[in-house]
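# Per-entry structural report
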Amino acid sequence: MPEANRLHRGFHIGHQNVVLDVDLASRTIIGSTEITVLPADPTLKSIHLDFRQGNVTGAFVSGKVASWDYHDVWLATTSPSVKESARTVHQYSQFEEKLAPVIDENLSGELVIHFPRGVKVQQQDPFSTALSFGNASSFSRHESPDVAASTPSLARTDVYNAFVPITVRVEFRLVDPVMGLAFVAKDSEHRYEHAYTFSNPYGISTSCWLPCVDGLWERCSWEFEITVPKTVADIKRIQTNGIDEDKDEEDSERDIVVACIGDLQQETIHASDHSKKIVSFVLTSPVAAQHVGFAVGPFVQVNLSELKESDEDEGQHSSSMEVYAYALPGRQDEVVNTCMFMHKAMEFFVREYSSYPFGTFSLCFVEETLDDMEPYAGLAIVSDRHLYPAEIIDQIYPVTKYLTTLLASQWSSVNIVPKNWNSLWVTIGLCGYISGTFLRRLMGNNEYRFRLKKDAERICDLDIGRPPIGHPDLEFPVDKSTLEFIKLKAPVILHILDRRLTKSGGSFGLTRAIPKLFWQAMSGDLTNGALSTSHFQRLCEKVSHVKLDSFFQEWVHGSGYPIFRITQRFNKKKMFVEMGIRQVQSAEMPKTKPLHEESFVKDAKKHMRGESLESTVRPVFTGPMTIRIHEADGTPYEHVVNIKDSFTKLDIQYNTKYKRLKRHLRTRDKPSANAAAASAATSGEPMDEGELDGVLLHSLGDVLSTDNEMEEWRLTEWTKEEEDQMTDEAFEWLRVDSDFEWICMIYINQPDYMYASQLQQDRDVVAQYECIKYFADAKPSPIYSTILVRTLMDRRYYYGIRMEAAQTLAKYALPELDWIGRYHLLKAFQVMFCFPDSLIPEANDFSDFTTYFLQKTIPLALSEIKDGTGRTPLPVKEFLLDLLRYNENSYNTFSDCFYVGALMTAICNAISKQPEEMPQFNFDFTFDVNDKGATGGNDKLAEAQFVEKAMVEISRCQRMDRWMPSYQNVVSTIAISIKEKLSQLGTIDPSVRDMLQYTHAGLFDTLRLTGFSAMLSMPALYTAPENKAILRYVFKTILTDPSYHVRLCMIKLIGRSLGKISMRKYGGSGKLASGVGTFLIVEESGGEITESRKDEYRRSNLEGCIEIVKEQFSEVETLKTGLWELLTSPALGILEKRIVLDICGIIYDVRQTKLVKLRIPDQKQIVAKNLGHGKVKIYRVDKPPSVRPVTPTPGDPPGSADQGVTDMESKTVRLPLPQNRIKLNIKIK
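I will try to describe carefully the structure that is included in this document. (Residues numbered from 1 in each chain as written. Predicted model: local features only at pLDDT ≥ 70, side-chain atom pairs only at ≥ 80, totals over all residues. Heavy atoms only, no water.)

### Some points on helix α34 (residues 1005-1016)
Worth spelling out the cut-off: Secondary structure elements are taken from DSSP: a helix is a run of H or I of four residues or more, a strand is a run of E of two residues or more, and numbering for both begins at the N terminus. Here, expected helix span is obtained from the residue count minus one, scaled by 1.5 Å. Exposure classes here rest on a 1.4 Å probe applied to the protein chains alone. A residue is buried below 20% of its type maximum, exposed above 50%, and partly exposed in between.
The end-to-end C-alpha separation of α34 is 16 Å, in line with the 16 Å expected for 12 residues at 1.5 Å each. Across the 12 residues of α34, 11 count as buried, placing the element largely inside the fold. What α34 keeps buried is the set Asp 1005, Leu 1007, Arg 1008, Leu 1009, Thr 1010, Gly 1011, Phe 1012, Ser 1013, Ala 1014, Met 1015 and Leu 1016.

Structure follows, in structure tokens:
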């Protein structure tokens, strides 16, 4: 692991002082850094620092000029020597060898500074005073696990003070960097020049613009002195030597602001150039180079701490920490709307967990950066794509969660770092967990628990064939986007750990462990601020007095999840509830994860290396489980059982001694009261106390209960026999894992009416969600549809439950049920959002957010209705099209862009045809010409006409979005995605050039990337000769686009398109087209059926997909040239080139060859001339062109024969060399 090699350099860093002169106009940085080195090796003779893509102009050690060696691995991949030794993409393995030092887990240091004569490591005087540079009190926190392990009796300060510190100064220069530092140019009147750092990938980003010891584990205090232009006008004035150009006066006078780590010390005018200013910052808390960064630009500062509401309780504890936001001019209102909660989050974290580890916290919103967070010490550089105005609803929760997690990372991820890569899950999990606790306080417990349950479900879908989060399969350098699964699973694991600790008795769970952990980091008790899995486990055990070995072994060091099959029976004789809990994950969990285009490149790379992709399933998961039984009197009784084996048999004591009351008595005896309750539930208005007499108040879903409503809505009630059966049951319902202590899948064999009781009477949103999932998987029935539509129409339910009920109703739209699910969905939409007795929608009113999300969900649910042929009924499609056609948002306060996008997506889903089952042969050869044949033809004609009308409406929305742009061009982005999907299904056949208009510079990044994704997913782009220029345009965009975000995402899109094309059979034009939609049309012999099945089988497994990729792409010359340019270009960074190498490894076979340059003898002949008097002149003259030329080998680059270069494909090379003869013509007199 990394800590094992952390002392290989022989020194540590005590303090680093950085001086930078940032020139925004020329995209240049001239700087110097002074590093206080603390030797750990008495024989130290040189200092190894990480630095790349820059030029070192000077080096000094202890004030003396020093020599240095600088070998930039990144520059080596673009040097002429590489291009001379490798000429084709088949020789990409040579690049892997050259990039190996920087894509390794441990960096070796590209810059080596040698000690000059007279400088050596000296022993520290033990009686001298303590060191006083930097943050002297923080040296005790620079502890390393290696030092503590190797010298347990020696304090860390003694190790550092054993030798005299050495000062190393490095002067450097950067011009137009492509890694770690981004310059944004002013290419339009609405953009401003600014620069910022970014920390992706992990561990090597800071060293791309600053000589340092990069990574997460070498921590020190920092000082920054940054020189920038004073104003926007001074940017050009500096470049033009004082000649001011005509600019907008308001913009010209805007001050250039520096946002940097640490506390602002002073801001002074430059001594020699008054158009510049110097801004100084000091950070006394030691942090790693990974968490050091800055941003420079004409930012506008917003003090978020001043956004406190006037009616907030002043008596509550409030944090004195200041929270600031920086944004480019014109975005201040969006910043306030987006970040208005940040001061509450700061106060919550300080009050509940620990004091803030740094001075202030600042958010800086910049352009063209990645979507992933960039947490630094007291600073976060964030993409301005996260800003949204007040009229946008859909971004509220995701952006709030994102920014809250960003603030929480200051405690866990910056101040506390993982001790090694295997402990990365702890810091990520703590960050997500404490941000979740704030979101629960801010948005409510229902929102928190519902989304937590959805996360647990998603984990069960994804945690197949994956390594444990305690032993992640990381590729170096680590791309932050590859950590998404850890970000998903780690906080949920900490949640179930908290529940188990709380149940242990006498413990407050993680609410005590986390503050203690943060206090250890603040006080220096946590070695080097590095947290390991074992340390976190010991801390939790110490706080709770519970052994957690089995928990960590199963959930952290193991992968997968349990699947429980539970049986229950009431024993009337013994008054016991007999239960059996069986774990069946070994038999029911898939062994390998399904193919997915997003992970295709990584999975293919592992497969080609011979690594197994199968998951290791644990047969038994252990731990406590809470079973809650709601008995006949309505009282819930909890029973905690300990799961130890694959099968657990339980006898649970029954407590109620009398017969239960009939639950449906109110429906027959209190119709008026129930009608009043139903009216209150649907309208949200309170009921009169007199109307509540005799009504069961704790029951939800009791709406639509009058006779007229039941007839109008076509509702169904339980039969008399079913009600009698309910009455005879001993308990209302039971729940397993009622306290959410497991990430699992649970199947209980209790009757359907028990789930109905649970849905109506259990207030826990997770319990309600479990009932909805049961009805989604159960055999459709009219009574289930009745229960679901009542849930949908009852406003007392959490809106997420109502959305799930709407989506489940689509599964009840079946002909055998007389399409009851479709009727209920249309009726619900009509009542809530249409004019009375009409399906024409009213004008939009999104003031109630819960109804807004329902208004989006119901059309999407309707689009999932399919008939026996896999098609959506035409009336439903016409209704969805009318919703889009008659959408009216003129008088709405909020934007409808996401709603329009949902309608377009619903229409796309309705057009998409699902595969129908293989028909059974009945050997009936009678034909009814007037029935099926005519109807089928009419259906096809109607289908084609609808597709044409739908595409006209979607194109209209795109044109409207072009004239009046929506938020981040959401409408156009969704429209392009729809066309991409329909083209894959063969429904439409758009050309590559149709998508080209959405890819040019100046458009929103997300829109451009969606357009590129649609183009790259079309097989015709690679096969059609007329599209070669477009494919070259794609590669030129990657090489020349100024946005790092666009460059990186486009390279990933190439890899994703390989997986997409190889996994799916396309219906459009191109080499891969062999069907219509998702169906194969077989019209000829059985041999074609066999070939089609073989092709389907190949596309269903990873090995077959790799073969398809090689067959389809290995001979595409434009692709070869483009990938070769990406590898050899200096415009791409290390992470991008590593991804390109992975793509090349899938498409091309390695040729272990190297181009050898041979010197061909000169094409001249030697002649001699008699000059007389015994003198002969021997010289060369041009030889007549009679020598046979060298014939180039097929596959050689053009012109290689003329340059004397031959691809050495074999061991023996035969060249027809010319014969050089000397002719002497001497006459002797």
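### Some words on the sheet that holds strand β26 (residues 636-643)
Going by this rule: Should DSSP find at least two bridges between two strands, the strands are taken to pair. Only the stretch in contact is used when a helix axis is fitted, and all axes are lines through C-alpha atoms; the angle between N-to-C directions ranges over 0 to 180 degrees.
Taken in spatial order, the 3 strands of this open sheet run β26-β25-β28, and their pairing is antiparallel. Here the strands that pair on one side only, and so sit at the sheet edges, are β26 and β28 (731-736). Strand-to-strand, the axes of this sheet are offset by a mean angle of 20°, without reference to chain direction.

### Things to note about the packing of helix α27 (residues 820-833) against helix α28 (residues 849-862)
Convention followed: Our angle categories are set so that under 35 degrees counts as roughly parallel, over 145 as roughly antiparallel, 65 to 115 as roughly perpendicular, and the remainder as oblique. Put simply, a crossing is left-handed when the front helix is turned counterclockwise from the back one by less than a right angle, and right-handed when it is turned clockwise. Residue contacts are defined here by distance: any two heavy atoms, one from each residue, within 4.5 Å place the two residues in contact. Under the scheme applied here, ten amino acids are nonpolar (Ala, Val, Leu, Ile, Met, Phe, Trp, Tyr, Cys and Pro), four are charged (Asp, Glu, Lys and Arg), and all others, including Gly, are polar.
Relative orientation of the contacting elements α27 and α28 amounts to 150°, with a least axis distance of 10 Å. It follows from the interaxial angle that α27 and α28 lie roughly antiparallel. Two packed elements cross with a definite hand, and for α27 against α28 that hand is left-handed. Judged by residue contacts, Arg 822, Leu 825, Leu 826, Phe 829, Met 832 and Phe 833 of α27 engage Thr 851, Leu 854, Gln 855, Ile 858, Pro 859, Ala 861 and Leu 862 from α28. For the contact of α27 with α28, the class distribution of residues is 10 nonpolar, 2 polar and 1 charged.

### Considerations on the packing of aromatic side chains
Threshold: Only the six-membered ring of Trp is used, alongside the rings of Phe and Tyr, when aromatic pairs are assigned; centres must lie within 6.5 Å, and planes under 30 degrees apart are stacked while those over 60 apart are edge-to-face, with the rest tilted. Consider the ring centre and the ring normal. A charge sits over the ring if Lys NZ or Arg CZ is within 6 Å of that centre and within 35 degrees of that normal.
Going through the model one piece at a time under the given rule, you end up with 45 aromatic pairs. Note on Phe 450 and Tyr 769: the rings are 5.7 Å apart at their centroids and 90° apart in plane angle, and the pair reads as edge-to-face. Taken together, the residues Phe 450 in helix α12 (residues 445-462) and Tyr 769 in helix α24 (residues 765-777) connect sequence positions 319 residues apart. Like Tyr 769, Phe 450 is buried. With 5.8 Å between their ring centres and 75° between their planes, Phe 551 and Phe 552 make a pair best called edge-to-face. The side chain of Arg 440 reaches across the aromatic face of Tyr 448, ending 4.6 Å from its centre. Above the face of the Phe 485 ring, Arg 466 is positioned so that its terminal group lies 4.6 Å from the ring centre.

Geometric descriptors of this kind do not, in isolation, establish any biological role.
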